[in-house]
Amino acid sequence: MEFAQLLEQIENVRHEVELDFATVSDAASLERFRLKHLVRKGSVQFLIEQLRSVPKAEKPAAGKAVNELRSWVESAFRDFQQQFTRSQHVTLVDVTLPPRPPGAGRVHPVTQTLDRIVDIFGSLGFVVAQGPDVEDDAHNFGKLNFPADHPARDMQDTFFINHAERDDLLLRTHTSSVQVRVMESTSPPIRCIMPGRVYRNEEVSARSLAEFHMVEGLYIDRGVSVADLKGTITAFARRFYNADSKFRFRTSFFPFTEPSAEVDMTCFICKGAGCRVCKHSGWLEICGCGMVHPNVLSACGIDPEEYSGFAFGLGVERVTMMLNGIDDARLLYENDLRVLKQF
Ligand code: DAH
């Protein structure tokens, strides 16, 4: 066959294909198209077969022309195919079905704990106070009676902040910093709790996070004694843990309180017999506390001769884990709905 003749035939097929494409409107008409043009006895294959009889010198040009036509037909065919399978999917949707219920959000377990703590102390007459996450050394350490360069500062691994003009800025390591701000800005009687986020430069593990929440408590008035401290914490813990637990105040050390104590209660799971949650001791530590150190009162402008008070602090994630038998703190912040849905 002459090259010119072949080109003419290609043009004929192209024209026919164009006309046929115009009639394709659904899967059935597309199938009719395929049977006419794209099968072994179809028009495109017919052109390919004609290549054999084209003179050798013109074969490359002829091959190219046929191939161009073929890929145009094939790709247009695929486009149609996709279009029809897509619209088929659409027709599979039953628009009369009721909508899927939207997944209801829920309060994060740590926030639930925080809310309960705030509620209980609220009913005891404590108001909520807040302070900044970015603190200075004075509020986080100095005025809380952490002596400069004293190893007490090593109790808490601190994230310091790079700042052009100041070198005393840090992310607060505890909410005790808010105590200082409250005492500086108000005068007794003071009765408040200070929930908030705290930061420690610690390796994240099952037992510790670098960012977590604490609730600080502060009560300052004339004649506040250790008895008030014990009574308040016991009243809170009875309601919070909903248990007729026993409590013990174990002497401890904090720079900002004197005397200082840590409070344990009998494990509410095993009732003191020893289990996994209490690490077989029968006791769970619930908070740190003590009588506000006279140096702290003075540093914050309150006369320690006239006033006294107590303070306490507890870790909210720790309490949440204890209450719910969660053994890895990281689970609280992985946003895995399978975990969070359980609370
Ligand atoms: N600030 C302590 C901590 O970071 C917690 C604490 C203990 C706060 C005793 C207090 C307190 O107010 O009296 O671990």
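Rules of the game
- Residues numbered from 1 in each chain as written.
- Predicted model: local features only at pLDDT ≥ 70, side-chain atom pairs only at ≥ 80, totals over all residues.
- Heavy atoms only, no water.
- Disulfide = S-S within 2.5 Å.
- Buried < 20%, exposed > 50% of the residue type's maximum accessible area, 1.4 Å probe, protein only.
- Pairing = 2+ DSSP bridges.
- Helix = DSSP H or I, 4+ residues; strand = E, 2+ residues; numbered from the N terminus.
- Contact = heavy atoms within 4.5 Å.
- Axes fitted to C-alpha atoms, helices over the stretch in contact; angles between N-to-C directions.
- Parallel < 35°, antiparallel > 145°, perpendicular 65-115°, else oblique.
- Left-handed = near helix turned anticlockwise from the far one by under 90°.
- Nonpolar A, V, L, I, M, F, W, Y, C, P; charged D, E, K, R; others polar.
- Core = buried A, V, L, I, M, F, W, Y, C linked by side-chain atoms within 4.5 Å.
- Polar contact = N/O pair within 3.5 Å; in protein donor to acceptor, adjacent residues only side chain to side chain.
- Domains from an automatic or database assignment.
- Phe/Tyr/Trp six-rings, centres within 6.5 Å; stacked < 30°, edge-to-face > 60°.
- Lys NZ or Arg CZ within 6 Å of the ring centre and 35° of its normal.

Section: the state of the cysteines
Within the structure shown, the criterion is met by zero disulfides. Cysteine C192 shares no disulfide, and the gap to the nearest cysteine sulfur, in C300, comes to 12 Å. In this model C287 remains outside any disulfide bridge; the closest cysteine sulfur is found in C289, 4.9 Å from its own. With a relative accessible area of 6%, C287 lands in the buried category.

Things to note about the sheet that holds strand β7 (residues 257-266)
The mixed open sheet is built from seven strands, whose spatial order is β1-β4-β5-β9-β8-β7-β6. Both edges of this open sheet fall to β1 (127-128) and β6 (247-254), since each of them pairs with a single strand only. Pairing geometry for β7 and strand β8 (residues 283-292), over eight bridges, is antiparallel. By the bridge assignment, M265 is partnered in β8 with L284. Contacts between helix α7 (residues 176-185) and the sheet are confined to β4 (190-199), β5 (211-221) and β9 (308-315), with β4 contributing the most and set at about 140 degrees to the helix. Across the sheet, helix α8 (residues 226-241) touches β6, β7, β8 and β9, and the angle it forms with β8 is around 150 degrees.

A closer look at the packing of helix α1 (residues 3-23) against helix α2 (residues 27-37)
It is the contact of α1 with α2, at a shortest axis distance of 9 Å, that shows an interaxial angle of 160 degrees. With respect to each other, α1 and α2 are oriented roughly antiparallel. In the crossing of α1 with α2, the sense of the turn from one axis to the other is right-handed. Packed against α1, whose contacting residues are E16, V17, D20, F21 and T23, the element α2 presents S29, F33, K36 and H37 at the interface. Here the contact of α1 with α2 is built from residues that sort into three nonpolar, three polar and three charged.

A word on the nonpolar core
Among the nonpolar cores identified, the biggest contains 44 residues, and F236, Y241, I286 and F310 are the most heavily contacted of them. Of all the elements in the fold, those that place two or more residues in this core are α5 (109-123), β4, β5, α8, β7, β8, β9 and α10 (316-324). In terms of residue count, α8 provides more of this core than any other element does, six residues in total. If near-sequence neighbours (up to four positions away) are discounted, Y241 is found in contact with M265, F268, I286, V319, M322 and L323.

Side note on the side chain of E135
Considering the arrangement of structural elements, one finds E135 in strand β2 (residues 134-136). Polar side-chain contacts of E135 include one of 2.7 Å to the side chain of R181.

Notes on the domain arrangement of the chain
When its domains are assigned, the chain resolves into domain 1 (3-88) and domain 2 (109-340). Inter-centroid distance (C-alpha atoms) of domain 1 to domain 2 is 79 Å.

A word on the packing of aromatic side chains
Evaluated as defined, the whole model comprises 14 aromatic pairs. Taken together, a centroid distance of 4.3 Å and an interplanar angle of 15 degrees make the contact between F21 and F33 stacked. Here F21 is found in helix α1, whereas its partner F33 is found in helix α2, with 12 residues between them in sequence. With respect to burial, F21 and F33 carry one shared label: buried. Connected via pairs of aromatic rings, a cluster forms that spans F121, F126, Y219, F236, F240, Y241, F310 and F312. Sitting over the face of the ring of W72, R14 holds its NZ or CZ atom 5.6 Å from the ring centroid. Here the guanidinium or amino end of R116 rests over the ring plane of F240, the centre of that ring lying 4.4 Å away.

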